[in-house]
Amino acid sequence: EGEEGQVLWDYLCYEWDSEHGVLDGTAEEKKLLKFNFFMLQADVLPEMWFSPTRKRLIHSHVCPGVDIGMESDIVDNTAGGNYSFLTEEL
C-alpha cells in the first residue's frame, strides 16, 4: 500500500477514463468513480485437487476527484450506459 500503492490504484482510474472517452470529453458519463479489486483463491489439496474457489476483496478504491458525498446524486442506469461503482460491485 502506501504512496506507491495509491499511485497504482489512481493509475487504474486514469487508464479506465482514458480508454472509455472520459478524458477527451466524448463520454464523461463513463467516468470511473470507485472500484473493488478482488483475488480468486483456491487451496491446493492432496493429489493436486483444489478447494472451492473463493473471492477475496483485496482493495476498495475511490478514484481521484470523486466526492463520496455525491453518491446520492449518482443514477444507476445500466441500460443507458451509466454505472455507479459507488453502489455496485464489479
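Residues numbered from 1 in each chain as written. Predicted model: local features only at pLDDT ≥ 70, side-chain atom pairs only at ≥ 80, totals over all residues. Heavy atoms only, no water.

Novice: Looking at this structure, I do not really get the state of the cysteines. What am I missing?
Specialist: Covalently bonding the sulfur atom of one cysteine to the sulfur atom of another cysteine gives a disulfide. Evaluation of the coordinates by the stated rule reveals 1 disulfide. Bridging Cys13 to Cys63, the disulfide has an S-S length of 2.0 Å. Across the S-S bond linking Cys13 and Cys63, the dihedral sits near -80 degrees, which makes this disulfide left-handed. Of this pair, Cys13 sits in helix 1 (residues 2–19) while Cys63 sits in the segment after strand 4 (54–62), and the two are 50 residues apart along the sequence. The buried category is assigned to Cys63, whose relative accessible area is 2%. (Disulfide = S-S within 2.5 Å. Helix = DSSP H or I, 4+ residues; strand = E, 2+ residues; numbered from the N terminus. Buried < 20%, exposed > 50% of the residue type's maximum accessible area, 1.4 Å probe, protein only.)

Novice: Can you help me understand unusual backbone geometry in this one?
Specialist: The bulk of non-glycine residues show a negative phi, and the bulk of peptide bonds are trans. Of note in the backbone geometry, Glu47 takes a positive phi value of approximately 60 degrees without being a glycine. Along the chain, Glu47 turns up in the loop between strand 2 (44–45) and strand 3 (49–50). For Glu47, a relative accessible area of 74% puts it in the exposed group. The backbone phi angle of Met48 is positive, close to 60 degrees, even though this residue is not glycine.

Novice: Would you mind going over the packing of aromatic side chains with me for this structure?
Specialist: Centre distance and the angle of the planes are the two values used to describe a pair of aromatic rings. This structure, assessed with the given rule, holds 3 aromatic pairs. Arranged with centres 6.0 Å apart and planes meeting at 50 degrees, the rings of Trp9 and Phe35 form a pair that is tilted. Of this pair, Trp9 sits in helix 1 while Phe35 sits in strand 1 (residues 34–41); the two residues are 26 residues apart in sequence, bridging distant segments of the chain. Each member of the pair, Trp9 as well as Phe35, carries the same accessibility label: buried. By way of ring pairs, the aromatic residues Trp9, Phe35 and Phe37 are connected into one cluster. The positively charged end of Lys55 is found above the aromatic ring belonging to Phe38, 4.3 Å away from the centroid. (Phe/Tyr/Trp six-rings, centres within 6.5 Å; stacked < 30°, edge-to-face > 60°. Lys NZ or Arg CZ within 6 Å of the ring centre and 35° of its normal.)

Note that all results are geometric; they support no functional claim without further evidence.
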